Amino acid sequence: MKFNIRSPKSTLENYKKWAAKVESLEKLLYSDAWNEVDGYKKYFDMDSFVDWYLLSEYSKNYDANFYNSVFMNYDYSTEKLYMGPAWDHDIGFGNTSKSSTTPGSYGSLLSNNAWIQMFNFFDPLKNSSAAKDYEGFLINQSSWYNRMFGDDDFVSLVKKRWAETREQLRKSIEWIREQGRDLEEAAELNDSVWHIIGSANWPRAPGYRSRKTYKSEVDFLVDWCEKRFEWLDRIFLE
């Protein structure tokens, strides 16, 4: 993977030192000894990697697909790499034409043997409709996380953390609806000037031309979140 060292700005000597550290961690993750006692779990802060994963997967954030807005921090005092902060959700939560339930959208999911082995629900031979139900995985197909999901301990931590936080997440969906009601008048006034709703401005979610009011956009977001939550809930609580 390509990385940028954003902070702190320093000497070339320190830059090389930090770059070497990132390289060493990635090599460890992909080594034969990656899952042993001195493997990646010794140097990756598992709690932050789990939390960041669940947020990114639930929101299906395409910028978190180990491509653009993925941030990490290394703490030399603990000798651990921490995931986060979470960032850049403008093409998450269904707000992109990539989010689709059309046939052919889930090739990477159905070809991922690791997931088929861990979650029989996704075995296309047993349940051919599973991947359409609701939009499929994204982040666990990505580079480092694809590797980490080959670790049963990591999968267990993901499931445990989902169980711990699911009720808060469910309540947050109603909070979105409440905020939508509070902002409706201001949003309609804004649209009377800029004519954004139903337009082709990027990013845009599928079916945007048919949604002519701010409320219809809020309903779309809430519906997307509810379906995404229910889908992941069924998987992670199995």
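In this report, we go over the structure that sits alongside the text.

Reading the values: the criteria
Residues numbered from 1 in each chain as written. Predicted model: local features only at pLDDT ≥ 70, side-chain atom pairs only at ≥ 80, totals over all residues. Heavy atoms only, no water. Helix = DSSP H or I, 4+ residues; strand = E, 2+ residues; numbered from the N terminus. Buried < 20%, exposed > 50% of the residue type's maximum accessible area, 1.4 Å probe, protein only. Contact = heavy atoms within 4.5 Å. Areas by Shrake-Rupley, 256 points an atom, 1.4 Å probe, with all protein chains shown as cover. Core = buried A, V, L, I, M, F, W, Y, C linked by side-chain atoms within 4.5 Å. Axes fitted to C-alpha atoms, helices over the stretch in contact; angles between N-to-C directions. Parallel < 35°, antiparallel > 145°, perpendicular 65-115°, else oblique. Expected span 1.5 Å × (residues − 1). Bend = angle between axes of the 7 residues up to and from the residue. Polar contact = N/O pair within 3.5 Å; in protein donor to acceptor, adjacent residues only side chain to side chain.

## Let's talk about the overall build of the protein chain
Alright, step 1. Summing up its helical and strand segments, the protein chain has seven helices and two strands in all.
Alright, step 2. The order of helices and strands in the protein chain, counted from the N terminus, is α-α-β-β-α-α-α-α-α.
Alright, step 3. Here the protein chain holds 238 residues, and 38% of them are scored as buried.
Alright, step 4. Contacts spanning at least 24 positions in sequence make up 71% of the contacts within the protein chain whose residues lie at least 6 apart.
Alright, step 5. Of the roughly 13800 Å² of accessible surface on the protein chain, 52% is carried by carbon and sulfur atoms.

## Things to note about the nonpolar core
Alright, step 1. Phe44, Phe49, Tyr53, Tyr145, Phe154 and Phe236 are the most contacted members of the largest nonpolar core, which totals 45 residues.
Alright, step 2. Of all the elements in the fold, those that place two or more residues in this core are helix H1 (12-29), helix H2 (46-58), strand E2 (80-83), helix H5 (143-148), helix H6 (152-194) and helix H7 (214-236).
Alright, step 3. A per-element tally of this core places H7 first, with ten residues.
Alright, step 4. Every residue in contact with Tyr145, bar those within four places of it in the chain, is listed here: Phe49, Trp52, Tyr53, Phe66, Met83, Ile139, Asn140 and Phe154.

## Regarding the packing of H2 against H7
Alright, step 1. Running from N to C, H2 and H7 point in directions that differ by 130°, and their axes come no closer than 10 Å. Classified by the angle between their axes, H2 and H7 sit oblique to one another. Touching Tyr53, Leu54, Glu57 and Tyr58 of H2 are Trp224, Cys225, Arg228, Phe229, Leu232 and Phe236, all from H7.

## Observations regarding H6
Alright, step 1. In a regular helix each residue adds 1.5 Å, so 43 residues correspond to 63 Å; H6 covers only 50 Å between its end C-alpha atoms and thus falls short of that length.
Alright, step 2. Leu183 marks where H6 bends most, by close to 55°.
Alright, step 3. Along H6, the residues classified as buried are Phe154, Val155, Val158, Trp162, Arg166, Ile173, Ile176, Gly180, Ala187 and Asp191.
Alright, step 4. The N-capping residue of H6, defined by a side-chain oxygen 3.0 Å from the backbone nitrogen of Asp153, is Asp151.
Alright, step 5. Backbone geometry just after H6 places His195 at a positive phi near 55°.

## Here we look at the environment of Met1
Alright, step 1. Within the fold, Met1 resides in the segment before H1.
Alright, step 2. A C-alpha to C-alpha distance of 8.5 Å links Met1 and Glu26, two positions 25 residues apart in sequence.
Alright, step 3. Discounting residues that sit within four places of it in the chain, Met1 has contacts with Glu26, Phe66, Ser143 and Trp144.

Treat this as a map of the structure, not an account of what it does.
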